[in-house]
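The primary structure of each chain is shown beneath.
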Amino acid sequence: MRSITTFDLQYAHRFYKFKGEAQYLHGHTGVLTIEVEDTINKGVNMVFPCNEIQKTAWDLLKNFDHALILREDDPLLPAILKVYEETGIKDGHPQNTMKGAAFKTELATAYPDCRLVVTKETLTVEGMIKIVYDLLKDKLNIAKITFTSGVNAASEEFVTKNNIDRCPLCGISLNENGVCPKCGYKK
């Protein structure tokens, strides 16, 4: 069985080194769908609560929402960081509470304080799927990810392999100590 959760993302990026589009920043709205597969938890009669999938994924994905996403070799990157520094937004603002958890992987690095994500490759719909899977593969049993942005869309299916211990009362993942962070159930 599968649970499906959808996220709306707004971001700006550019297709650096793509003919005819390299110099322009493009504003985009994207729809990311994550399908999580598992057995039905008899205690709560569901695969994995969609609101818990949303919380788990959104903690990292909100770094992409209303963010600037640039490739690590984009010559705009140093100039943008300089402007961020000069205007005092590089280290964030106390009113910026929409920050996700910082991350650094082989594919991308998030700088939540300045709403910037730096990627290894140009951010295409296929690239976003690779990044999202890499970020969440150990947290959720992801069976499929679909990302649509403008007229571009891609999907990829994955073999689920995680054996995630879940609370029989809530259906959410137990922490490393075997305790449910929501209701306190102990394994």
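Rules and cut-offs
Residues numbered from 1 in each chain as written. Predicted model: local features only at pLDDT ≥ 70, side-chain atom pairs only at ≥ 80, totals over all residues. Heavy atoms only, no water. Pairing = 2+ DSSP bridges. Helix = DSSP H or I, 4+ residues; strand = E, 2+ residues; numbered from the N terminus. Core = buried A, V, L, I, M, F, W, Y, C linked by side-chain atoms within 4.5 Å. Buried < 20%, exposed > 50% of the residue type's maximum accessible area, 1.4 Å probe, protein only. Contact = heavy atoms within 4.5 Å. Salt bridge = Lys/Arg side-chain N within 4 Å of Asp/Glu carboxyl O. Axes fitted to C-alpha atoms, helices over the stretch in contact; angles between N-to-C directions. Parallel < 35°, antiparallel > 145°, perpendicular 65-115°, else oblique. Left-handed = near helix turned anticlockwise from the far one by under 90°. Nonpolar A, V, L, I, M, F, W, Y, C, P; charged D, E, K, R; others polar.

**Student:** Break down the pairing of strand 5 (residues 108-111) for me, with residues and values.
**Tutor:** Bridge count between strand 4 (residues 103-104) and strand 5: two bridges; the pairing is antiparallel. Bridge assignment links Lys104 to a residue of strand 5, and that residue is Thr109. Looking at chain direction, strand 5 and strand 6 (residues 116-119) are connected through four bridges and run antiparallel. Opposite Thr109, over in strand 6, you have Val118 as the bridge partner.

**Student:** Can you explain the nonpolar core? Please cite residues and give values.
**Tutor:** Of all hydrophobic cores here, the largest spans 34 residues; its most connected members are Ile34 and Phe64. For this core, the elements supplying multiple residues, two or more each, are strand 1 (2-13), strand 2 (26-37), helix 1 (50-61), strand 5, helix 3 (125-136) and strand 7 (142-149). Examining the composition of this core, we find that eight residues originate from one element, helix 3, more than from any other. Discounting residues that sit within four places of it in the chain, Ile34 has contacts with Ser3, Ile4, Thr5, Phe7, Ala57, Leu61, Val132, Leu136, Ile142 and Lys144. Leu68, Leu70, Leu77 and Val118 belong to the second largest nonpolar core, which has eight residues in total.

**Student:** Which residues make up the pattern of salt bridges, and what values go with them?
**Tutor:** Per the stated rule, a full pass over the model turns up 13 salt bridges. Asp73 is the salt-bridge partner of Lys17, the closest N and O atoms lying 3.9 Å from each other. Of this pair, Lys17 sits in the loop between strand 1 and strand 2 while Asp73 is found in the loop between strand 3 (67-71) and helix 2 (76-87), placing the two residues 56 residues apart along the sequence. Here Glu86 makes a salt bridge to Lys82, at a shortest N to O gap of 3.7 Å. One end of the pair, Glu86, and the other, Lys82, are both in helix 2, four residues apart, so they sit about a helical turn from each other. For the pair shown, Glu86 and Lys82 are each scored as exposed. Salt bridges linked by common partners bring Arg2, Glu35, Glu37 and Glu157 together as one network.

**Student:** So what's going on with the packing of helix 1 against helix 3? Which residues, and what values?
**Tutor:** At a minimum axis distance of 10 Å, the contact between helix 1 and helix 3 shows a crossing angle of 120°. Viewed along their axes, helix 1 and helix 3 adopt a mutual orientation that is oblique. In the crossing of helix 1 with helix 3, the sense of the turn from one axis to the other is right-handed. Facing Thr56, Ala57, Leu60 and Leu61 of helix 1, the residues of helix 3 in contact are Val132, Leu135 and Leu136. Across the contact of helix 1 with helix 3, the residue classes tally to six nonpolar, one polar and no charged.

Any link to function would need more than the numbers given here.
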